[in-house]
Amino acid sequence: MGFALVIAHKKMSMEVSRVSEIEAVANLVGGFIRQDRRLLDCKDEEGVSSRLNELIAILNDDYISNSGFAGTEVSTITGSPLIDDDEIYTISFKLADNLARREEAYHVVVSIR
């Protein structure tokens, strides 16, 4: 019984640390998106979409792994203007946790131009 309890505690502890790591990556990616000058300088929805496609490669190829987070990547990034306002966008991204085999969705609001 004691051995089973130790194993259960270790599993729960690993899950909690994994969730904390995913939240840290979400904050890292959200901050990167909010501060990306090329995204903020886009003139229209097509420019925003094009830059978001570039950001997936930048984030997955270099930024996340160089920040010390292995096993997590951005699976999708989409942007849509808020209601009748083409200067304020909601950027949605999904983080894929390859170790826990799950995805989490996050949202960032940015003002372009």
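As a reminder, the structure under discussion sits directly above these lines.
To start, this report covers the structure provided alongside it.

Cut-offs used in this document
- Residues numbered from 1 in each chain as written.
- Predicted model: local features only at pLDDT ≥ 70, side-chain atom pairs only at ≥ 80, totals over all residues.
- Heavy atoms only, no water.
- Pairing = 2+ DSSP bridges.
- Helix = DSSP H or I, 4+ residues; strand = E, 2+ residues; numbered from the N terminus.
- Axes fitted to C-alpha atoms, helices over the stretch in contact; angles between N-to-C directions.
- Phe/Tyr/Trp six-rings, centres within 6.5 Å; stacked < 30°, edge-to-face > 60°.
- Buried < 20%, exposed > 50% of the residue type's maximum accessible area, 1.4 Å probe, protein only.
- Expected span 1.5 Å × (residues − 1).
- Bend = angle between axes of the 7 residues up to and from the residue.
- Salt bridge = Lys/Arg side-chain N within 4 Å of Asp/Glu carboxyl O.

Moving on to the sheet that holds strand E1 (residues 72–82). Read across the open sheet, the 3 strands follow the order E1-E2-E3; overall the sheet is antiparallel. Because the sheet does not close on itself, it has two edges, and the strands there are E1 and strand E3 (102–111). In this sheet, adjacent strand axes meet at a mean angle of 20° when their direction is disregarded. Strand direction decides the pairing type here: E1 and strand E2 (residues 85–97), joined by 10 bridges, are antiparallel.

With that settled, the discussion passes to the packing of aromatic side chains. Taken as a whole and assessed by the stated rule, the structure comprises 2 aromatic pairs. When the ring of Phe93 is compared with that of Tyr106, the centres are 5.7 Å apart and the planes differ by 25°; the resulting orientation is stacked. Residue Phe93 is located in strand E2, and its partner Tyr106 is located in strand E3; the two are separated by 13 residues in the primary sequence. Taken as a pair, Phe93 and Tyr106 share a single burial class, namely buried.

With that out of the way, let us pick up helix H3 (residues 45–66). For H3, which comprises 22 residues, the first-to-last C-alpha distance of 30 Å matches the rise-based estimate of 32 Å (1.5 Å per residue) to within 8%. Along its length, H3 shows its largest kink, about 50°, at Leu59. Burial in H3 covers these residues: Val48, Arg51, Leu52, Leu55, Leu59 and Ile64. Gly68, located one to two residues past H3, shows a positive phi value of around 95°.

Turning our eyes to something else, we now look at the pattern of salt bridges. Here the structure, examined in full by the defined rule, presents 5 salt bridges. Asp36 serves as the salt-bridge partner of Arg51, at 2.8 Å between the closest nitrogen and oxygen. Here Arg51, found in helix H3, pairs with Asp36, found in the loop between helix H1 (2–35) and helix H2 (37–40); they are 15 residues apart in sequence, far enough to count as distant. A residue is classified by how much of its surface remains accessible, and Arg51, at 8% relative accessible area, is buried. Classification of Asp36 as buried rests on a relative accessible area of 9%. Residue Asp41 pairs with Arg37 through a salt bridge whose shortest N-O separation is 3.4 Å. Three or more residues joined by partner-sharing salt bridges are found here, namely Asp36, Arg38, Arg51 and Glu54.

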